[in-house]
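Overview (structure and organization)
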Amino acid sequence: MVAIRQNSYQHIEARPFAPNLGAEIYGVDLAKPVSDAQFDDIKQAFLDYQVLFFKDQAEIPPELHVAFGKRFGGLHAHPAAPTMAGHPEIFEIHATKHSKIANGEFWHSDVSCDEEPPLGTMLQIHIAPPCGGDTMFSDMYGAYDALSEPVRRMLDGLTATHESEHIYRGRYADRGRNDTDIDCPVAVHPVVRTHPDTGRKALFVNRTFTTRINELSPSESDAVLTMLFEQAEHIDHQIRFRWTLNDMAFWDNRCCMHRAIWDYWPEERKGRRVTIKGDRPR
Ligand code: SIN
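I will try to describe carefully the structure that is included in this document.

Rules used in this analysis
Residues numbered from 1 in each chain as written. Predicted model: local features only at pLDDT ≥ 70, side-chain atom pairs only at ≥ 80, totals over all residues. Heavy atoms only, no water. Salt bridge = Lys/Arg side-chain N within 4 Å of Asp/Glu carboxyl O. Helix = DSSP H or I, 4+ residues; strand = E, 2+ residues; numbered from the N terminus. Buried < 20%, exposed > 50% of the residue type's maximum accessible area, 1.4 Å probe, protein only. 1 Å grid on protein atoms, 1.4 Å probe; cavity = no way out; pocket = protein on both sides within 12 Å on 5 of 7 lines; lining within 4 Å. Points joined across faces, edges and corners; volume = space filled by probe spheres on them. Nonpolar A, V, L, I, M, F, W, Y, C, P; charged D, E, K, R; others polar. Pairing = 2+ DSSP bridges. Axes fitted to C-alpha atoms, helices over the stretch in contact; angles between N-to-C directions. Near = heavy atom within 4 Å. Polar contact = N/O pair within 3.5 Å; in protein donor to acceptor, adjacent residues only side chain to side chain. Areas by Shrake-Rupley, 256 points an atom, 1.4 Å probe, with all protein chains shown as cover. Sits in = over half its atoms within 2 Å of the grid points. Phe/Tyr/Trp six-rings, centres within 6.5 Å; stacked < 30°, edge-to-face > 60°. Lys NZ or Arg CZ within 6 Å of the ring centre and 35° of its normal. Contact = heavy atoms within 4.5 Å.

A closer look at the pattern of salt bridges
Oppositely charged side chains can pair when the atoms bearing their charge come close. This structure, assessed with the given rule, holds 19 salt bridges. With its nearest N and O atoms 3.4 Å apart, the salt bridge here joins K32 to D29. Residues R200 and D145 are paired through a salt bridge, measuring 3.1 Å at the closest nitrogen-oxygen approach. Of this pair, R200 sits in the loop between β10 (192–194) and β11 (201–203) while D145 sits in helix α3 (residues 140–145), and the two are 55 residues apart along the sequence. Since its relative accessible area comes to 35%, R200 is described here as partly exposed.

As structure tokens, then:
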């Protein structure tokens, strides 16, 4: 059972989305510079809730979106994705009736194949389908906590390989991105990471990028990863967010995964994403 957190913020309103994770944030206008006092509350709420949904927003000018992201740290450059014209720090999410794939359709933590995967991601949706196009989030603290003690002990000290060639190569060709010049990252991370700010342990494997557990035989690795993916994706740890135009979501890749639902074809969905650099998982 997860205790519902008390709203103790002075300069924003945080309405819990579910007992395990997520909060809707009211009283902040991201289309204007954010005050230091509001920023401090947002930073705390981000650690408390893992994913924040900023409601009642106007379209955020790209410069302000980038500036808001930079207040949390340096910005992360996606190894393969197309960027917005004139704004190389912004990754544009865009699915239309011509799309062959949409972004983020399988459970993942963003770019976990990087040596230093992103701390967090800020996505504003500014063209939304009439219905559908929800995003799901899953609580990786909860997924870890719900494992039995013997399994938690077994995972201690194990590492996993996260690869991306199978995901990124050719992925954005239909959006004009020639990727012959890029190397698709590969990294080794602990199977369970400790969040650098909260000190809590979180499961850190995902179906998109994690290909094997290094210390186990191939068949043991397959069996354990299947169990851990099911644990990480269990409905008990999930929420499903329904977007309203110009909502902005800000998620913590260190302790939650997400998955975008592409159920709206041939309708269009478009958003801008700013991603903040993270540190090496420990
Ligand atoms: C992503 O960044 O993985 C996509 C999320 C979304 O489009 O809702």
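Back to the write-up after that little detour.
Notes on the environment of T244
Mapping T244 onto the fold places it in the loop between β13 (238–241) and β14 (248–252). Residues T244 and H126 lie 118 residues apart in sequence; the distance between their C-alpha atoms is 9.0 Å.

Notes on the environment of Y141
Among the secondary structure elements, Y141 is positioned in helix α3. With a relative accessible area of 1%, Y141 lands in the buried category.

Details of empty space enclosed by the protein
Summed over the entire model, instances satisfying the criterion amount to 3 cavities of 30 Å³ or more. The computed volume of the largest cavity comes to approximately 160 Å³. In terms of lining residues, the largest cavity is bounded by 18 residues, among which H94, A95, I101, A102 and N103 are the most central. Here the element with the most residues in the lining of the largest cavity is strand β5 (residues 87–95); it accounts for 4 residues. For the lining of the largest cavity, the residue count by class is 9 nonpolar, 3 polar and 6 charged.

Re the sheet that holds strand β8 (residues 159–163)
Strand order in the open sheet made by the 3 strands is β9-β8-β12, with antiparallel pairing throughout. Each edge of the sheet is formed by a strand with only one pairing partner; in this case those strands are β9 (186–190) and β12 (210–213). Neighbour to neighbour, the strand axes of the sheet diverge by 25° on average, direction disregarded. As paired elements, β8 and β9 share 5 bridges and run antiparallel to each other. Within β9, the residue paired with H162 across the bridge is A187.

Remarks on the sheet that holds strand β7 (residues 135–139)
On the basis of which strands lie adjacent, the open sheet formed by 3 strands has the order β13-β7-β15 and antiparallel pairing. If you trace the sheet from one side to the other, it starts and ends with β13 and β15 (256–260), each paired once. Strand-to-strand twist across the sheet, computed as the mean angle between neighbouring axes with direction ignored, equals 20°.

Description of the site of the ligand
If you check the shell around the ligand, you find I93, N103, G104, H108, D110, L123, T135, W251, H258, A260, R269 and R273 and nothing else. Within the side chain of H258, a nitrogen or oxygen atom sits 3.0 Å from an oxygen atom of the ligand. The contact in question runs from an oxygen atom of the ligand to an N or O atom on the side chain of R273, over 2.7 Å. Protein chains bury 100% of the 260 Å² of accessible surface belonging to the ligand in isolation. When atom positions are compared with the pocket grids, the ligand is found to occupy the second largest cavity. Considering only residue class, the shell around the ligand consists of 4 nonpolar, 5 polar and 3 charged.

Thoughts on the packing of aromatic side chains
All chains considered together, the criterion is met by 13 aromatic pairs. Aromatic pair F68 and F72: ring centres 5.6 Å apart, planes at 90°, arrangement edge-to-face. Overall, F68 belongs to the buried group, its relative accessible area being 7%. The exposure class assigned to F72 is buried, which follows from its relative accessible area of 13%. Feature note: the residues F17, F53, F137, F241, W243 and W251 constitute an aromatic cluster, connected by ring pairs. One cation-aromatic arrangement involves R71 over F39; the distance from NZ or CZ to the ring centre is 4.5 Å. The lysine or arginine in question, R152, covers the ring of Y144, its NZ or CZ lying 5.6 Å from the ring centre.

Comments concerning the environment of K55
Following the sequence through the fold, K55 ends up in the loop between β3 (51–54) and α2 (62–70). The class for K55 is buried, based on a relative accessible area of 10%. Among all residues touching K55, those that are not within four sequence positions of it are E24, I25, Y26, F241, T244 and D247. Separated by 2.9 Å, the side chains of K55 and D247 make a polar contact.

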